[in-house]
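Take a look at the letters that make up each chain.
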There are 4 protein chains.
Amino acid sequence: MKKIGVFTSGGDSPGMNACIRAVVRAAVYHGVEVYGIKRGYNGMINGEIFKMESSAVSNVIQRGGTILKSARSKEFLTRDGRQKAYDQLQKFGIEGLVAIGGDGTFTGANIFHEEFGIPTMGAPGTIDNDLYGTDFTIGYDTAVNTALEAIDKIRDTADSHERVFFVEVMGRDSGYIAIPCAIGGGAEIVMIPETETTLESVIDALKNGWSRSKTSFIIIVAEGDDAGNATTIAAKVQEALPKMDARVTILGHVQRGGAPTAADRMLASEIGIACVEGLLAGRTSEMAGIVNRELVYTPFIETITKQKLINPNFTRMVDILSV
Amino acid sequence: MKKIGVFTSGGDSPGMNACIRAVVRAAVYHGVEVYGIKRGYNGMINGEIFKMESSAVSNVIQRGGTILKSARSKEFLTRDGRQKAYDQLQKFGIEGLVAIGGDGTFTGANIFHEEFGIPTMGAPGTIDNDLYGTDFTIGYDTAVNTALEAIDKIRDTADSHERVFFVEVMGRDSGYIAIPCAIGGGAEIVMIPETETTLESVIDALKNGWSRSKTSFIIIVAEGDDAGNATTIAAKVQEALPKMDARVTILGHVQRGGAPTAADRMLASEIGIACVEGLLAGRTSEMAGIVNRELVYTPFIETITKQKLINPNFTRMVDILSV
Amino acid sequence: MKKIGVFTSGGDSPGMNACIRAVVRAAVYHGVEVYGIKRGYNGMINGEIFKMESSAVSNVIQRGGTILKSARSKEFLTRDGRQKAYDQLQKFGIEGLVAIGGDGTFTGANIFHEEFGIPTMGAPGTIDNDLYGTDFTIGYDTAVNTALEAIDKIRDTADSHERVFFVEVMGRDSGYIAIPCAIGGGAEIVMIPETETTLESVIDALKNGWSRSKTSFIIIVAEGDDAGNATTIAAKVQEALPKMDARVTILGHVQRGGAPTAADRMLASEIGIACVEGLLAGRTSEMAGIVNRELVYTPFIETITKQKLINPNFTRMVDILSV
Amino acid sequence: MKKIGVFTSGGDSPGMNACIRAVVRAAVYHGVEVYGIKRGYNGMINGEIFKMESSAVSNVIQRGGTILKSARSKEFLTRDGRQKAYDQLQKFGIEGLVAIGGDGTFTGANIFHEEFGIPTMGAPGTIDNDLYGTDFTIGYDTAVNTALEAIDKIRDTADSHERVFFVEVMGRDSGYIAIPCAIGGGAEIVMIPETETTLESVIDALKNGWSRSKTSFIIIVAEGDDAGNATTIAAKVQEALPKMDARVTILGHVQRGGAPTAADRMLASEIGIACVEGLLAGRTSEMAGIVNRELVYTPFIETITKQKLINPNFTRMVDILSV
């Protein structure tokens, strides 16, 4: 393999640039030419492809976002779109790909390999951490720390005013972000999709806290909680507890940006190298991940279909720590 | 004057603790006893009053929020409430007050002095910066920097996805927070209460940008803008530009918390000392402020009734810099 | 067991407060009384012991340092000192201890248990990460991120002036802090105690870089490197390369402070709870740690005598990534 | 004037990029072509000159350092060097310059204008804040906040261990950085070049503190203090107080980097625009500054020869606040 391409796809996450850098540098190190592909599968279809030297990734390891930009591509979902993408890769002589993204990205790469034989190795780039095959995804640690710093600030004002804050963090399908925010943010309650938290239990916890003269509360809500989003939940609790002085904060897209943490830079670097070395070793359609601090390659099909469960002990920790 | 009290009132702001610290230390320095009053006028009425030594404010200068807590008091709006407050102060022998807060706080202090003769000096503690009599209020610089850091993060993801972000910052009546966020955040458009920005001009700016192949935009909206809040504005623009990929972020209460910046700690310290020294010099019903780097005392009545206008040059700067 | 004590000992590390909080809350949760002991073994000897309620650890999870203070105790190294300590614990009825610290702390606890039968469970509180029995120590992740943020800033000025920066990070006996700083900071060279890096290889790397028109360099030096500290190394390299424009920065004690990261708060909380639950289950003289995301108890004797080796792949990563 | 050049010179400071951006955008806004000149006067001499479009400064406002790089030029000190520089400018048709830097930069520009008639407007880019003609220099606010964040971290460990920390901050000739670090960092003592602080007074202050059972101290030393640098001072105090547990931290070049604060971005933007508009209005050999929040142009000769004195009230504040 003499030429490979690298692209980012799906929602961006901090550390994607560190991963692109590792892919480029590992390719150069191993004497392989490397091409950047802009805007994910869209750019592949449109031929937004350019050669990257080692210096192209100087001074990017600390930057949030992705220098290759990202997009979701409807055209790549069609056979026609994938044919165009293949033709473009042929034009540049690209024989292998590194895809940095999540579920959707890997699903596309899987089909693409089956149809056109282009091998792809995947790097788990998403803040959600809900990908099977790696303990942590690239960007997750940064997103959690960003959310936590915001919660620290909210706590200042919650304490000063003796208020109840409902803070919504990202996590459509899982509580991976919500849990460390709750434990690390000293929250009293956490509401995540994986476990049912009834409004009654929230109301009870607040009443119970007040009776112990606890005056300010932080409730972390994962955006995908079954009881609704933070705004809905706060409104319902307010109805039951009219005297509660409540505020809602939705942390939103701030969680996607920012300089990656040390852990995310390490992870992104390790995985970026592993993707290139995997390709060169003849691997394809696998995601590189770190499990128990060891490099592991997991077939795309497993990362897509298998579920990574959250440690059930963590919700118990929230109960103990808010005693 | 041998005994003074200090309290925080209204919305909390970063630097209030630094100011409390300066009041306590200046009092000790000048041989005056100092009492902390909790929860603003509410605590004054209820006698939540305690003696503070120099060590009571150790290690608080860097903390957000207020160790004295804050609250809005309905009871103090009544003559009866103020009578109770006066009786409590008498009980402790408190002869003068330092009030850290905003308009409402100073209005109360003014009446209280007229009725009961208790002198009060005020420190401008609010993130909004819309108080006449000081170039900057305590907490304003921190709030702006907090918002700006969030906007830096949003820019990462805006750039990566070529999106339009509507970011709502605090400022019910003024664009003081919005303006430096727009200039410092490299925003393309800023919408503030002081100047009318029509939806048409926003739509034109976006179209114009796209025609110059500018692909990501940040629009800063002060919460009090006449065109509505960020959510409403985004929805209306979306209607006119259905292809726009827009996101709304409301920074919210995060802006109130966090460790104060150097400038806010300096300002809070200088003003805290000035309040105590003003009281000792026989002053009352004035706010201590810094204007052109000089200490200035302004009668409460002026801080309440006069308006501090935003530099009109700043909106022109946004236009120039987004060219 | 009805009464336990908790203390911090040795060098402080971020997350110690989060761990104290977890110990206190877990004790309260399990119906056990908990006492804080100030200044480590010194305070135990001097009876600086006080009862802690759940509220004693409110709002401390995000604070650096240790609210219980820390110290090294010479007196506890003597049998007499330990006798005094035992007598004090008897006076308060304390039947078990949680010690947050490192090697020295655990050695003391081991002897103390052998002599007086007081069971102690240990939490690994040190930024150095060189304790066997846990993947990460409490404070390590924060220290690395603090150092990395400083290196990001140094890179700004290194790039602007085309300079060579020798940055010394903590790590007397190991490169645990240096390695992620080098990989995450985009450094060209890393010098750690575990592997020999000759001055010749540093000089060659610089010459080689200049020949590829690389103009700024960051060299991370662990304070315990065999080639000397950063100042010495820089001086020697300067001699060989007189034209080099070099600067030395010693990050120093800044690395010990600051708000703990999310990972450190999680780790500290999990381990704090595990120490209490370990004591209640009849354990003693063991350190609670997290290995491969599972709770593991390791006898003190093993944490003291066994070595935790750094992943040798990491130095190879520095070479690949600086290509 | 149809073509102008912009360059950075001398020590880099945070906000230089924001200023370059403002110069470029203001030029484009006013229909003037703008050229970037790399490595200060060196690059001018060597013809490292390139055209900059508006997009050349996208996404740089938040970055530390300078995208144009900086250097000190010996050759420009000679008539020959300046002749070469002039010839290069002629080649590109550059009729005016914006110089971002300090004293030395402006001295060079002054001579250059006298000899060759090339008008130059100056922007005060230095963290030291010791330039006459502006209340604050670009980068000063950021440097102070960076130092202060480090001091906050040091305080954590100082408190935990009851130590005395000598922290050296930048400021060869002035205490501008040291003063807000001392006030904002809650330091007990500050040592600056402008005022004499004897070692005796330091020793007395420490003794006095211990007698009041104050156990941890922070002493801020400006690098240019007449009593020596932090290391020397600490050694001398240690001799007099052998029981003191002291540590020295030299913050160093970390203070030069990092994302600029809101205030520095505002200042850099305002001044960058003012330099371009000054040039277009026929001005030359003046520095644009902000004094009392108003734009002021000051002849280079005054910025070089006049001294900006530090507010003497500030050292009194340190005394009051450490009571």
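The name given to chain A in an unreviewed UniProt entry is ATP-dependent 6-phosphofructokinase, with Pontibacter ruber as the source organism. Annotation of chain A in UniProt includes, under Pathway (unreviewed entry), the sentence "Carbohydrate degradation; glycolysis; D-glyceraldehyde 3-phosphate and glycerone phosphate from D-glucose: step 3/4." Looking at chain A in UniProt, the text filed under Function (unreviewed entry) is "Catalyzes the phosphorylation of D-fructose 6-phosphate to fructose 1,6-bisphosphate by ATP, the first committing step of glycolysis."

K.L.:
Please clarify how the overall build of chain A should be interpreted in this entry.
P.N.:
When helices and strands are counted, chain A shows 11 helices and 11 strands. Counting all 323 residues of chain A, 64% fall into the buried class. Considering only intrachain contacts with a sequence separation of at least 6, the fraction spanning at least 24 residues in chain A is 74%. When the accessible surface of chain A is totalled, it reaches about 11000 Å², and 50% of it is carbon and sulfur.

K.L.:
Sorry, what's going on with the packing of helix α3 (residues 79-92) of chain C against helix α4 (residues 103-116) of chain C here?
P.N.:
A packed helix pair is summarised by two numbers, namely the angle formed by the two axes and the spacing between the axes. Residues and elements named next belong to chain C. Direction vectors running N to C along α3 and α4 enclose 70°, while the axes themselves pass 11 Å from each other. It follows from the interaxial angle that α3 and α4 lie roughly perpendicular. Residues R79, R82, Q83, A85, Y86 and L89 of α3 pack against I111, F112, E115 and F116 of α4. Across the contact of α3 with α4, the residue classes tally to six nonpolar, one polar and three charged.

K.L.:
Looking at this model, I keep getting lost on unusual backbone geometry. Mind explaining?
P.N.:
It is generally the case that most residues other than glycine have a negative phi and that most peptide bonds are trans. Its identity as a non-glycine residue notwithstanding, B:N59 has a phi of 60°, on the positive side. Inspection of the secondary structure puts B:N59 in the loop between β3 (49-52) and α3 (79-92). Judged by its relative accessible area of 24%, B:N59 is partly exposed. Even without being glycine, C:E162 reaches a positive phi, approximately 55°.

K.L.:
I would appreciate a short explanation of the interface of chain C and chain A in the present structure.
P.N.:
Bring the parts together and some accessible area is lost; that lost area is often taken as the interface size. Residue-level contacts link 46 residues of chain C with 46 residues of chain A. Summed over both partners, the interface of chain C with chain A buries about 3900 Å², with 59% contributed by carbon and sulfur atoms. Ranking the residues of chain C by area buried against chain A places C:M266, C:L321 and C:V323 at the top, with a combined share of 16%. At the boundary of chain C and chain A, one finds six salt bridges. Note that C:E277 and A:R316 form a salt bridge whose closest N and O atoms lie 2.5 Å from each other.

K.L.:
When you look at the packing of aromatic side chains in this model, what are you seeing that I'm missing?
P.N.:
Any pair of aromatic rings gets described here by the distance separating the centres and the angle formed by the planes. Inspection of the entire model under this criterion finds 40 aromatic pairs over all chains. With a centroid separation of 4.9 Å and an interplanar angle of 20°, the aromatic rings of B:Y86 and B:F116 are classed as stacked. Of this pair, B:Y86 sits in helix α3 while B:F116 sits in helix α4 (residues 103-116), placing them 30 residues apart in sequence. Taken together, the ring pairs connect A:F7, A:Y41, A:F76, A:Y86, A:F112 and A:F116 into an aromatic cluster. Lying over the aromatic face of A:Y176, A:K308 brings its terminal NZ or CZ to 5.3 Å of the ring centre.

K.L.:
How should I be thinking about the sheet that holds strand β4 (residues 96-101) of chain B in this particular structure?
P.N.:
Strand pairing within a sheet occurs via backbone hydrogen bonds; the two strands may be parallel or antiparallel. All names here are of chain B. Read across the open sheet, the seven strands follow the order β3-β2-β1-β4-β5-β10-β11; overall the sheet is mixed. What marks the edges here is a single partner per strand, and that holds for β3 and β11 (294-299). Averaged over all pairs of adjacent strands, the angle between strand axes in this sheet comes to 30°, irrespective of strand direction. As defined by bridge partners, strand β1 (residues 3-8) adjoins β4 across five bridges and the pair is classed as parallel. Within β4, the position partnered with G5 by the bridge is L97. Seen against the sheet, helix α1 (residues 16-29) touches β1, β2 (33-37), β3, β4 and β5 (120-124) and runs at an angle of roughly 175° to β1. In the packing of helix α9 (residues 262-280) onto the sheet, the strands contacted are β1, β4, β5, β10 (286-291) and β11, and the crossing angle to β5 comes to about 170°.

K.L.:
Even after reading the chapter, I still don't get the side chain of A:D152, so can you show me in this structure?
P.N.:
Checked against the element boundaries, A:D152 lands in helix α5 (residues 140-161). A polar side-chain atom of A:D152 sits 2.7 Å from a polar atom in the side chain of C:R265. Residues within four places of A:D152 in sequence aside, it is in contact with C:Q62 and C:R265.

K.L.:
Could you clarify how one ought to interpret the pairing of strand β8 (residues 217-222) of chain B in this entry?
P.N.:
If a strand is regular, its side chains alternate between the two faces of the sheet. All names here are of chain B. The element β8 is extensively covered by neighbouring structure, given that six of its six residues are classed as buried. Along β8, one buried face is formed by F217, I219 and V221 and the opposite face, lined by I218, I220 and A222, is buried too. Of the strand pairs in this sheet, strand β7 (residues 189-191) and β8 are connected by three bridges, and their pairing is parallel. Note on β8: the bridge partner recorded for M191 is V221. In this view, the connection linking β7 to its parallel neighbour β8 by way of helix α7 (residues 199-211) has right-handed handedness.

K.L.:
What am I meant to see in the domain arrangement of chain A here?
P.N.:
Residue and element names in this part refer to chain A. Each assigned domain of chain A is listed with its residue range as follows: domain 1 (3-139 + 260-305) and domain 2 (143-256). Relative to domain 2, the C-alpha centre of domain 1 lies at a distance of 35 Å. Facing 10 residues of domain 1, the contacting portion of domain 2 comprises 10 residues. Taken together, the two surfaces of domain 1 and domain 2 that pack against each other cover about 780 Å², and 50% of this comes from carbon and sulfur. For the domain 1 face of the interface with domain 2, the top three residues by lost area are I127, D128 and D130, together amounting to 53%. Applying the counting rule to domain 1 against domain 2 returns zero salt bridges. Between domain 1 and domain 2 we count two residue pairs in polar contact (both at pLDDT 80 or more) in total. Taken together, the residues that form the side of domain 1 that touches domain 2 break down as two nonpolar, five polar and three charged.

K.L.:
How should the sheet that holds strand β11 (residues 294-299) of chain C be read in this particular structure?
P.N.:
Residues and elements named next belong to chain C. Pairing within the open sheet is mixed, and its seven strands lie in the order β3-β2-β1-β4-β5-β10-β11. Each edge of the sheet is formed by a strand with only one pairing partner; in this case those strands are β3 (49-52) and β11. Each adjacent strand pair in this sheet contributes to an overall mean axis angle of 30°, direction not counted. As judged from the two bridges shared by strand β5 (residues 120-124) and strand β10 (residues 286-291), these two strands associate in the parallel manner. Bridge assignment links G122 to a residue of β10, and that residue is M287.

K.L.:
Would you take a moment to explain helix α11 (residues 313-321) of chain C for this structure?
P.N.:
Counting along an α-helix, one turn takes 3.6 residues, and residues three or four places apart therefore face a common direction. If you check which residues of α11(C) are buried, you get C:F314, C:M317, C:V318, C:I320 and C:L321. Along the axis of α11(C), the buried residues cluster in a sector spanning 165°; they form a single face. On the buried face of α11(C), the contacting elements are α1 (16-29) and α9 (262-280) of chain A together with α6 (178-184) and β7 (189-191) of chain C.

Thresholds, definitions, all that
Residues numbered from 1 in each chain as written. Chains lettered and ligands numbered in written order. Predicted model: local features only at pLDDT ≥ 70, side-chain atom pairs only at ≥ 80, totals over all residues. Heavy atoms only, no water. UniProt positions renumbered as here; feature names shortened; annotations may be inferred. Helix = DSSP H or I, 4+ residues; strand = E, 2+ residues; numbered from the N terminus. Buried < 20%, exposed > 50% of the residue type's maximum accessible area, 1.4 Å probe, protein only. Contact = heavy atoms within 4.5 Å. Areas by Shrake-Rupley, 256 points an atom, 1.4 Å probe, with all protein chains shown as cover. Axes fitted to C-alpha atoms, helices over the stretch in contact; angles between N-to-C directions. Parallel < 35°, antiparallel > 145°, perpendicular 65-115°, else oblique. Nonpolar A, V, L, I, M, F, W, Y, C, P; charged D, E, K, R; others polar. Buried area = accessible area lost by both parts, 1.4 Å probe. Salt bridge = Lys/Arg side-chain N within 4 Å of Asp/Glu carboxyl O. Phe/Tyr/Trp six-rings, centres within 6.5 Å; stacked < 30°, edge-to-face > 60°. Lys NZ or Arg CZ within 6 Å of the ring centre and 35° of its normal. Pairing = 2+ DSSP bridges. Polar contact = N/O pair within 3.5 Å; in protein donor to acceptor, adjacent residues only side chain to side chain. Right-handed = clockwise from strand over helix to strand, strands pointing away. Domains from an automatic or database assignment. Arc of directions from axis to C-beta.

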